[in-house]
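What follows is the residue order along each chain.
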Amino acid sequence: MTIRVLVVEDDPVAADAHVLYVNRVPGFESTEKPAHSAAEARRVLDRTAIDLILLDLHLPDGHGLQLARSLRAAGHPTDVIAVTSARDLAVVREGVALGVVQYVLKPFTFATLRDRLTRYAEFRSAAADGEATGQDEVDRALATLRAPGPAALPKGLSGPTLERVVRTLRAAPDGLTATAAAQSAGLSRITARRYLEHLVETGHAARSPQYGQVGRPELVYRRLPAPE
């Protein structure tokens, strides 16, 4: 059975990318067009049967959890996977109370989204099998929603420093050279470049040569607006 998905995302580039990625996962099908606001999402849900919402939490007409709360109040059984850059654990707890089954933090790779969707499909399949025979079966069904632990960083890289470099890139929409990133993040150029290259390798950033200067062009790193 195909799982119908509605992408709710205010960034048009990210929204189109999420639709594409959902359709690449076997067993999932996105609506032809994403919704770019909570109001637009409600209109789609009123006329279309949707199994799962891929929900951005920062929408132009309200917080995504407000949309989730209104859907629950109206009796909509649609499940929700939150896609957000927000890292506030209080928001996560509120989302769990409203039935948000998964969180995907931006920036993320297609492989991460595919993993979450696959786990969700496994959970739906397990939940559709009827009455559980015991606690073990309930635990196994719930365990399918749990994501694996975060992948270890390459030797010599640290989480706090990586987050500092990510914030630096996020604040520079036109991109930064390794030298500029190092100055902004308070790191050496060699260290900054190692972290920037890691972000490129994991699909969180892109690099391109900067021409127009005498000598060898310097690479410019840009944060990807959507996963590749």
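These numbers were taken from a predicted model, which means no experiment stands behind them.

Things to note about the overall build of the protein
In terms of regular secondary structure, the protein is built from 9 helices and 10 strands. For the protein, the proportion of its 228 residues judged to be buried stands at 42%. Once local pairs closer than 6 in sequence are excluded, the contacts in the protein between residues at least 24 apart make up 62%. Element-wise, carbon and sulfur atoms account for 53% of the exposed surface of the protein, whose accessible area totals about 12500 Å².

Describing a positive patch on the surface
Taken together, Arg164, Arg167, Arg170 and Arg223 make up a surface patch of like positive charges. Per-element accounting of the positive patch gives the leading share, 3 residues, to helix H7 (residues 159-170). Structurally, the position occupied by Arg167 is in helix H7. According to the relative accessible area criterion, Arg167 is partly exposed, its value standing at 45%.

Comments concerning the pairing of strand S1 (residues 3-8)
Taken across its 6 residues, S1 has 5 buried, putting it largely inside the fold. Inspection of the sheet shows S1 paired to strand S2 (residues 28-30) by 3 bridges, in the parallel sense. Paired with Ile3 across the two strands is Phe28, which belongs to S2. The parallel pair S1 and S2 is bridged by helix H1 (residues 12-24), and the resulting crossover is right-handed. One ladder, built from 4 bridges, connects S1 with strand S3 (residues 52-56); its direction is parallel.

Digging into the side chain of Asp79
Positionally, Asp79 belongs in strand S6 (residues 79-84). Buried charged residue Asp79 carries no salt bridge. Nearest counter-charge: Arg124, at 4.3 Å. Of note is the side chain of Asp79, whose polar atom sits 2.7 Å from the side chain of Tyr120. With residues near it in sequence (within four places) discarded, Asp79 still touches Asp51, Leu52, Ile53, Arg72, Val101, Tyr120 and Arg124.

Description of the pattern of salt bridges
In the structure shown here, the tally under the stated rule is 6 salt bridges. Linking Arg4 and Glu29 is a salt bridge whose minimum nitrogen-to-oxygen distance equals 3.3 Å. Placement of Arg4 in strand S1 and of Glu29 in strand S2 is noted, with a sequence separation of 25 residues between them. Between Asp51 and Arg124 there is a salt bridge, with the nearest N and O atoms lying 3.9 Å from each other. Within this pair, whereas Asp51 is found in the loop between helix H2 (38-47) and S3, its partner Arg124 is found in helix H5 (residues 110-127), the two being separated by 73 residues in sequence. Judged by relative accessible area, which is 23%, Asp51 ranks as partly exposed. Residue Arg124 is classed as partly exposed on the basis of its relative accessible area of 28%.

Brief notes about the environment of Tyr195
Assignment of secondary structure puts Tyr195 in helix H9 (residues 189-201). The exposure class of Tyr195 is buried, given its relative accessible area of 3%. For Tyr195 and Pro154, which are 41 residues apart along the polypeptide, the C-alpha to C-alpha distance reads 9.9 Å. The contacts of Tyr195, once residues within four sequence positions are left out, are Gly156, Leu157, Ser158, Thr161, Leu162 and Val165. Separated by 2.8 Å, the side chain of Tyr195 and the backbone nitrogen of Ser158 make a polar contact.

Topic: the sheet that holds strand S10 (residues 218-223)
Strand order in the open sheet made by the 3 strands is S8-S10-S9, with antiparallel pairing throughout. Where the open sheet ends on each side, the last strands, each with one partner, are strand S8 (176-177) and strand S9 (205-210). The sheet contact formed by S8 and S10 spans 2 bridges and is antiparallel. The partner of Leu176 across the bridge, within S10, is Tyr221.

Conventions we followed
- Residues numbered from 1 in each chain as written.
- Predicted model: local features only at pLDDT ≥ 70, side-chain atom pairs only at ≥ 80, totals over all residues.
- Heavy atoms only, no water.
- Helix = DSSP H or I, 4+ residues; strand = E, 2+ residues; numbered from the N terminus.
- Buried < 20%, exposed > 50% of the residue type's maximum accessible area, 1.4 Å probe, protein only.
- Contact = heavy atoms within 4.5 Å.
- Areas by Shrake-Rupley, 256 points an atom, 1.4 Å probe, with all protein chains shown as cover.
- Patch = residues over 30% accessible without salt bridge, like charges linked within 9 Å, V, L, I, M, F, W, Y side chains within 5 Å.
- Salt bridge = Lys/Arg side-chain N within 4 Å of Asp/Glu carboxyl O.
- Lys, Arg positive; Asp, Glu negative; His and termini not counted.
- Charge placed at Lys NZ, Arg CZ, Asp CG, Glu CD.
- Pairing = 2+ DSSP bridges.
- Right-handed = clockwise from strand over helix to strand, strands pointing away.
- Polar contact = N/O pair within 3.5 Å; in protein donor to acceptor, adjacent residues only side chain to side chain.

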